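A closer look at the structure
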Amino acid sequence: MNILQDLKQQYRIGDIATKLIFWNILLFIIPTLIFSLLTLFLVQINYLTWIALPENIQDFLYKPWTIITYNFFHSNLLHLVFNMIMLHFAGRIFSTYFTQKQLVSVYVLGGVFAGIIYMVSYMFLPMLANQKVLLVGASASIMAIVFATTTYQPHMNLRLALIGKVQLWHIALVFLILDLLQLPLENTGGHLSHLGGALFGFIYIKALKKGTDLGSGLNWVLDSISNLFSEKKSTPFKTVHKNAKPQPQTRTTRVVTKDKTQQQIDEILDKISQSGYDSLTKEEKEFLFKAGK
């Protein structure tokens, strides 16, 4: 299997956080390569102006999709790398307590909420008046994930390299203080969006504890889209043969075969969790790739 196939397999078996990282990386690499090549032909296009969130409500009304797209793109490589490391960390701790669908909800809705806070701030804060800026990056969504987990389980124990044992609320507090300290210095809009994301994470968990999942509507939309694309088109002329007597023997054989296949998949996934994907043999990688189709 080549590198591309390995990456495809990593994407297939990865959790939602892994898939979000893949999307963020692809949405940075592909447009960067395309528009960098166009500069060789003296074509200068700043694609960020079309996917980043403007600070002005009027500008936003012309590009309403930016409330979603801004938290899937990044301005430079260092920005991307740092955020993806944080997304991996935040996604792992969040998934300890919540489902993959809830992770998507907090990521997307946390970004939307943070974007609204960002635009409203530029409307009412005198310090930000008459500024023309754009907001881009997954930081606000990641803050929503971190603070959602912190609100639910603040005393979760973590061990950090060079620091040792800490609790989750310690990390969240450091992030919060850093954003507050940098508000008047630079990237004020970015730090305001971080605080907006943190606030959404807090609100999401408080509502969830009261029995309200703020992401249920988004989950319904995503499930509907997924079902729409996963439905198999049936042929208009289809003959259905029905046996007069049931055939338990055939049905039993089919179940046994399925169980053996699933057992082999489980064994390979266990091996990945213990030793990593690179520990698989070529045959195991090919089997897992075929089983994922």
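A few words on the overall build of the protein chain. Looking only at helices and strands, the protein chain has 13 helices and 4 strands in total. Sequence separation of 24 or more characterises 69% of the internal contacts of the protein chain that already satisfy a separation of 6 or more.

Here we take up the packing of helix α6 (residues 77–95) against helix α8 (residues 139–152). Interaxial distance between α6 and α8 falls to 9 Å at its minimum, and their mutual angle equals 25 degrees. One finds that α6 runs roughly parallel with respect to α8. Once α6 is placed against α8, the crossing between them reads as left-handed. Packed against α6, whose contacting residues are H79, N83, M86, L87, A90, G91, I93 and F94, the element α8 presents S139, I142, I145, V146, A148 and T149 at the interface. Residue classes in the contact of α6 with α8 are distributed as 9 nonpolar, 5 polar and no charged.

What follows concerns the nonpolar core. If you look at the biggest cluster of nonpolar residues, it comprises 44 residues, and the most contacted ones within it are L87, Y107 and I145. When residues of this core are traced back to their parent elements, those giving at least two are α2 (16–38), α3 (48–51), α6, α7 (100–124), α8, α9 (168–182) and α10 (188–209). Beyond its immediate chain neighbours, meaning those up to four positions away, Y107 contacts L20, N24, N71, F72, L87, A138, S141 and I145.

Scoring rules and cut-offs
Residues numbered from 1 in each chain as written. Predicted model: local features only at pLDDT ≥ 70, side-chain atom pairs only at ≥ 80, totals over all residues. Heavy atoms only, no water. Helix = DSSP H or I, 4+ residues; strand = E, 2+ residues; numbered from the N terminus. Contact = heavy atoms within 4.5 Å. Axes fitted to C-alpha atoms, helices over the stretch in contact; angles between N-to-C directions. Parallel < 35°, antiparallel > 145°, perpendicular 65-115°, else oblique. Left-handed = near helix turned anticlockwise from the far one by under 90°. Nonpolar A, V, L, I, M, F, W, Y, C, P; charged D, E, K, R; others polar. Core = buried A, V, L, I, M, F, W, Y, C linked by side-chain atoms within 4.5 Å. Buried < 20%, exposed > 50% of the residue type's maximum accessible area, 1.4 Å probe, protein only.

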